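Reading the structure
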Amino acid sequence: AQLADIFRQRIVRNRWPQGTKLATLETLMGEFGVARVTVRQAMELLARDGLVSAERGRGTFVKAQPVRDRGLILQTSLQALADVYRNDTPNLTLIEEAAATPQLFERDGVPAPQYRFMRRVHSRNGETYCVISIFLDERVFRMAPRRFRRETVIPVLLDLRRVTVARAWQTLEIGTADVTVARHLDIPANAPVAEVRRVCQDQRGTVIYLGEVTYRGDYIHLEMDLKP
């Protein structure tokens, strides 16, 4: 599956354009240091998706590009992020809820007295694309518990009249999926993922929301306006 994903990315990035005759099994075995059966099975996965086709006596050819309707734009403003979720509501599956204390750094701000922890997966069109750990100031959570359990957090947070988000930021790192994350996202272990950490403070500098999100690597599209 990992090898098939590498091949799929080569097709997506046009390193293997449509119509390309692929290298022989022996060549790919040597490039990746794997057995013949591994390369063959990877090609079979691509063939099931209609991306490649083996032609007797000629070789294996790229037949199509993967469908690219899965992208999730990672917005760089809080309001834009909220608008994305309002206009494209994912399916949410709550897998854990409890009282818990998040790991906060000094720069994050002042911790709230108590946090509500929720861990859930987000999916679209039947395909899971992220796992998120949510830490909400318990006082904020109690203002709209039903909505926080059923909706994405940022839009609800901005809708609450008694809550003011005075400062918010997020960081992004590229990592690899551990066994648990890989199982939730239905990807191979050690597949590339984007790890996003979001922090929201109120006017007093209290951390009212911490979100730790792991996205499938093939779902993220990060675009930033570079002003001259």
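Refer to the structure printed above.
Residues numbered from 1 in each chain as written. Predicted model: local features only at pLDDT ≥ 70, side-chain atom pairs only at ≥ 80, totals over all residues. Heavy atoms only, no water.

Turning next to the packing of aromatic side chains. Per the stated rule, a full pass over the model turns up four aromatic pairs. Each ring, one from Phe 141 and one from Phe 148, has its centre 6.3 Å from the other, and the planes form 25°; the classification is stacked. Neither residue differs from the other here; Phe 141 and Phe 148 are each classed as buried. An aromatic cluster of at least three residues, connected via ring pairs, comprises Phe 7, Trp 16 and Phe 32. Sitting over the ring of Tyr 129, Arg 124 keeps its end group 5.5 Å from the ring centre. The ring of Trp 169 carries the charged tip of Arg 167 above its face, separated from the ring centre by 4.2 Å. (Phe/Tyr/Trp six-rings, centres within 6.5 Å; stacked < 30°, edge-to-face > 60°. Buried < 20%, exposed > 50% of the residue type's maximum accessible area, 1.4 Å probe, protein only. Lys NZ or Arg CZ within 6 Å of the ring centre and 35° of its normal.)

Considering all chains together, one arrives at 16 salt bridges under this definition. Between Arg 36 and Glu 26 there is a salt bridge, with the nearest N and O atoms lying 2.3 Å from each other. Of this pair, Arg 36 sits in helix α3 (residues 36–48) while Glu 26 sits in helix α2 (residues 25–32); the two residues are 10 residues apart in sequence, bridging distant segments of the chain. Owing to a relative accessible area of 43%, Glu 26 belongs among the partly exposed residues under this scheme. Across the pair Glu 97 and Arg 116 runs a salt bridge whose closest N-O atoms are separated by 2.6 Å. Taken together, the positions of Glu 97 in strand β4 (residues 91–99) and Arg 116 in strand β6 (residues 115–124) put the pair 19 residues apart, joining distant regions of the chain. Glu 97 gets classed as partly exposed once you look at its relative accessible area, which sits at 28%. Take Arg 116: its relative accessible area is 19%, and that puts it in the buried class. (Salt bridge = Lys/Arg side-chain N within 4 Å of Asp/Glu carboxyl O. Helix = DSSP H or I, 4+ residues; strand = E, 2+ residues; numbered from the N terminus.)

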